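Below are the chains, spelled out letter by letter.
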Number of protein chains: 2
Amino acid sequence: MDGNTNRNWVLARRPEGDDFESALEFHLHGNIPTPADGQVLVKALYLSMDAGTRMWMGPRTDGYQPPVPVGTPMAGMMIGEVVESRHKDFAIGDRLRTFGHWADYSLASEQSGLFQKLPVEDDIDLPAYLAMGGPNGWTAYAGIVDVGKAKKGETVVVSAAAGATGSLAGQVARNLGCRVIGLTSREDKCRWLTEELGFDHAINYRQQNLSHELNVLCPGGVDVYFDNVGGAVLDTIMGHMAMYARIAICGLVSQYADTEKKPGPSNFDQLLMKRATVQGFFSPDFFSQCGEIEKTLMDWHRAGKFTYNVELVDGLENTLKAYHRLFDGSNMGKVMVRV
Amino acid sequence: MDGNTNRNWVLARRPEGDDFESALEFHLHGNIPTPADGQVLVKALYLSMDAGTRMWMGPRTDGYQPPVPVGTPMAGMMIGEVVESRHKDFAIGDRLRTFGHWADYSLASEQSGLFQKLPVEDDIDLPAYLAMGGPNGWTAYAGIVDVGKAKKGETVVVSAAAGATGSLAGQVARNLGCRVIGLTSREDKCRWLTEELGFDHAINYRQQNLSHELNVLCPGGVDVYFDNVGGAVLDTIMGHMAMYARIAICGLVSQYADTEKKPGPSNFDQLLMKRATVQGFFSPDFFSQCGEIEKTLMDWHRAGKFTYNVELVDGLENTLKAYHRLFDGSNMGKVMVRV
């Protein structure tokens, strides 16, 4: 990066599976765009790696965001610094959380979907605004509280529990007084959940028999399931629901790369038998509450009751290495690229 | 019936598919039971034919009612008359709505699950307490109002719309100011829905292409789906949901005879994309509201805004003929046996 060019990742073609290397090209000599009225030019500091963006790489037009057009830079969330401003509320040097591109520089404005100035002086580390606050934190809180309606004493199961959102969702439930069980795929992640994050139990669903473990740990059934993954894990949980269970679906990672429809959960009929509810949700729907949610999370953090882990990968050129961690089960907490 | 024996239908074995003749035996010389303290002896006047009871005939123990034990009389709802009482609130001649057996005589009490005295003098026909009020009416109302949260101007689709519950659910939605589309399986039923019950449209899903019709009739998607049937119809609707759609599942008739799990809807992922909700419900959960719901429905009826159709089959010996109508698509409204 020489400061005069805008390196960026272009979606050259739609990926198959997790072959992102064939789909995304790293362009070294892009132009730095010029902000129009109401826009700012943002220099990326931290790119947020989010599994949900996998869907926008694909051709599906029935997702909750339209596909990123082939031949254009990949889109995502970031923390950045304003280097040029034509927006009345932003000055050079302001830091913000926004949607932009996987690039050194992006344009941003109210039309970006996410466009929030961050506090100037603060006891919170900058990456925490994506690792603990921001959409991951809002999703965790809204999913457990508003969608899952978790109540003290209930049993809450979280999938992808060592992921960026799941690790927060489990802590929200724990802080509400719920019994929390995390599903994850490695022993060290299980230990992180129970020893560092205060989960009551962790199940390694790749090595243990999930249905058997649920019978042992949740003989009364699962009251709330916070789901990130869909597929077979969701189906198994649906066979272990308590009466009036609530399933909050914030992601279906196991299905984002699908190009064809797959059968739904075979335990779907249990929704009737248990008078249960499945609800899909998306944190922007809770945007009006986000300020309040973020304050709660940061207060919990200051009180030592809410923590996070960031895996930083250095260098925009290493973005795909960072992105892969979301899909190969290797990440613990939030993955970010430090540009 | 000679008044001294208690004819009754015994579940001799669990049925395969809709072969009820092989499963149920008509016993001509059962004993008339003697009420214990707190019980009444009820002479059946009208037996309610309900598709949900098909599940209790099967072996599934994960349903919302346990299976009827093999070798015992089949259970169901009825309107009857007290012929002997050991309950302080019931006298001989009182009429009630209760759970009992497919038999001339049943014992009933508060433990029966449903046990309600009916008004003595009334402008409402006795069968209407099962055809319009009672669990079908409560289910219709709770499903549209409490679970479906249907609002004026929204598009509501009802499956099995010419059935006992669906025909009422569509009218509830219409009375709330919704646009109502009924799914049914015959042309005469389509006409009944639009010409007599005030549905805006009816789709014959066996002869018409459901997905195409939904594209034409609901270009903005379906806001509320009141589902009785599950299976392929539900899957198709899930592919046509509006944003924030609500699906109220009150029955899964297409699956009651299943002995193995079947794949769930392939459009399950649309719950996330559309931030939609699926909720299974069961009218006893709304029991505390039932008095109020029933008053609303009867008031609508008196005002000419809520009607019903009863198909009466005469004779306890013809119960299976009546019951078949629920599964062969031939009924229009409520099927009852007049004992």
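Cut-offs and rules
- Residues numbered from 1 in each chain as written.
- Chains lettered and ligands numbered in written order.
- Predicted model: local features only at pLDDT ≥ 70, side-chain atom pairs only at ≥ 80, totals over all residues.
- Helix = DSSP H or I, 4+ residues; strand = E, 2+ residues; numbered from the N terminus.
- Rg over C-alpha atoms; globule rule 2.2 N^0.38 Å.
- Buried ≥ 20, exposed ≤ 12 C-beta atoms within 10 Å, placed from the backbone.
- Contact = placed C-beta atoms within 7 Å.
- Axes fitted to C-alpha atoms, helices over the stretch in contact; angles between N-to-C directions.
- Parallel < 35°, antiparallel > 145°, perpendicular 65-115°, else oblique.
- Nonpolar A, V, L, I, M, F, W, Y, C, P; charged D, E, K, R; others polar.
- Pairing = 2+ DSSP bridges.
- pLDDT = per-residue confidence, 0-100.
- Domains from an automatic or database assignment.
- Least-squares fit on C-alpha atoms with pLDDT ≥ 70 in both.
- Core = buried A, V, L, I, M, F, W, Y, C linked by C-beta atoms within 7 Å.
- Right-handed = clockwise from strand over helix to strand, strands pointing away.

A. Up close: the overall build of chain A. If you tally the helices and strands in chain A, you get 11 helices and 15 strands. Its C-alpha radius of gyration of 20 Å places chain A within 12% of the 20 Å reference for a compact globule of 339 residues. Projecting the C-alpha coordinates of chain A onto the three principal axes gives extents of approximately 60 × 45 × 35 Å. Split into buried and exposed, the 339 residues of chain A put 51% on the buried side. Sequence-distant contacts in chain A: of pairs separated by 6 or more residues, those separated by 24 or more amount to 65%.

B. The packing of helix 4 (residues 134-147) of chain A against helix 10 (residues 290-302) of chain A, seen in detail. Residues and elements named next belong to chain A. At a closest axis distance of 10 Å, the pairing of helix 4 and helix 10 adopts a crossing angle of 95 degrees. Considering the angle they form, helix 4 stands roughly perpendicular to helix 10. Residues Gly-137, Trp-138, Tyr-141 and Ala-142 of helix 4 lie in contact with helix 10, whose contacting residues are Cys-290, Ile-293, Glu-294, Thr-296 and Leu-297. Looking at the contact of helix 4 with helix 10 residue by residue, the classes come out as six nonpolar, two polar and one charged.

C. Just the pairing of strand 4 (residues 75-85) of chain A, in detail. Residues and elements named next belong to chain A. Judged from the seven bridges that link them, strand 3 (residues 40-48) and strand 4 form a sheet pairing that is antiparallel. If you follow Tyr-46 over to strand 4, its bridge partner there is Ile-79. Both strand 4 and strand 5 (residues 95-101) contribute to a ladder of seven bridges, which runs antiparallel. Directly across from Met-78, in strand 5, lies its bridge partner Thr-98.

D. Region of interest: the interface of chain B and chain A. Of the residues lining the interface, 30 residues belong to chain B; the matching set on chain A comes to 30 residues. In terms of residue class, the side of chain B that touches chain A is made up of 13 nonpolar, 10 polar and seven charged. In the sheet, strand 13 (residues 277-280) of chain A pairs with strand 13 (residues 277-280) of chain B via three bridges, with the strands oriented antiparallel. Note on strand 13 of chain B: the bridge partner recorded for Gln-279 of chain A is Thr-277 of chain B.

E. Summary view of the confidence of the model for chain A. On average, residues of chain A score 93 in pLDDT, and 96% of them are at 70 or above. In the predicted assembly, ipTM is 0.87 and pTM is 0.90.

F. Structural detail: the domain arrangement of chain A. All names here are of chain A. Assigned domains within chain A: domain 1 (6-132 + 308-338) and domain 2 (134-281). Look at where the C-alpha atoms of domain 1 and domain 2 centre, and you get two points 28 Å apart. Each side of the interface is counted separately: domain 1 has 18 residues, and domain 2 has 18 residues. Looking at the side of domain 1 that touches domain 2 residue by residue, the classes come out as nine nonpolar, six polar and three charged.

G. Structural context of the relation of the copies chain B and chain A. With an RMSD of 0.0 Å, the fit of chain B onto chain A corresponds to turning through 180 degrees and sliding 0.0 Å along the axis. On this basis, the relationship between the two copies can be described by a two-fold rotation axis. Among all C-alpha atoms of chain B, that of Gly-264 of chain B lies closest to the rotation axis, at 2.0 Å. Interface overlap between copies is the fraction of interface residues in one copy that are interface residues in the other; for chain B against chain A it reaches 100%, indicating a shared surface.

H. Representation of the sheet that holds strand 13 of chain B in the model. The sheet built from 12 strands is open, its strands ordered 10(A)-9(A)-8(A)-11(A)-12(A)-13(A)-13(B)-12(B)-11(B)-8(B)-9(B)-10(B) with mixed pairing. On the outer flanks of this sheet lie strand 10 (201-204) of chain A together with strand 10 (201-204) of chain B, each paired with one strand and no other. Strand-to-strand, the axes of this sheet are offset by a mean angle of 15 degrees, without reference to chain direction. Pairing between strand 8 (residues 155-158) of chain A and strand 9 (residues 179-184) of chain A: four bridges, direction parallel. By the bridge assignment, Thr-155 of chain A is partnered in strand 9 of chain A with Arg-179 of chain A. Along the sheet, helix 5 (residues 166-175) of chain A makes contact with strand 8, strand 9 and strand 11 (222-227) of chain A, crossing strand 9 of chain A at roughly 165 degrees.

I. The arrangement of the environment of Lys-321 of chain B in detail. Its place among the elements puts Lys-321 of chain B in helix 11 (residues 319-324). Remark: the alpha-carbon pair of Lys-321 of chain B and Phe-20 of chain B, spanning 301 residues in sequence, is separated by 9.5 Å.

J. View of the nonpolar core. Counting 216 residues, the largest nonpolar core has Ile-144 and Val-156 of chain A together with Ile-144 and Val-156 of chain B as its most contacted members. Dropping the residues within four chain positions of it, Ile-144 of chain A is found in contact with Ala-150, Val-156, Ala-169, Val-172, Ala-173 and Phe-226 of chain A.

K. Main features of helix 4 (residues 134-147) of chain B. Of all 14 residues in helix 4 of chain B, 13 are buried; the element is thus mostly enclosed. Following helix 4 of chain B by one or two positions, Lys-149 of chain B adopts a phi angle in the positive range, close to 50 degrees.

L. Layout of the environment of Thr-34 of chain A. Tracing the chain through its elements places Thr-34 of chain A in the loop between strand 2 (24-30) and strand 3. C-alpha of Thr-34 of chain A to C-alpha of Ala-322 of chain A: the two residues are 288 residues apart in sequence and 29 Å apart in space.

M. Spatial organisation of the pairing of strand 10 of chain B. All names here are of chain B. Two strands pair when backbone bridges link them, and strand 9 (residues 179-184) and strand 10 are joined in this way by four bridges, in the parallel orientation. Paired with Ile-181 across the two strands is His-201, which belongs to strand 10. Regarding topology, helix 6 (residues 187-196) serves as the crossover connection from strand 9 to the parallel strand 10, and that connection is right-handed.

N. Representation of unusual backbone geometry. We note that Ala-160 of chain B has phi near 45 degrees; this positive angle belongs to a residue other than glycine. Position of Ala-160 of chain B relative to the elements: it lies in the loop between strand 8 (155-158) and helix 5 (164-175).

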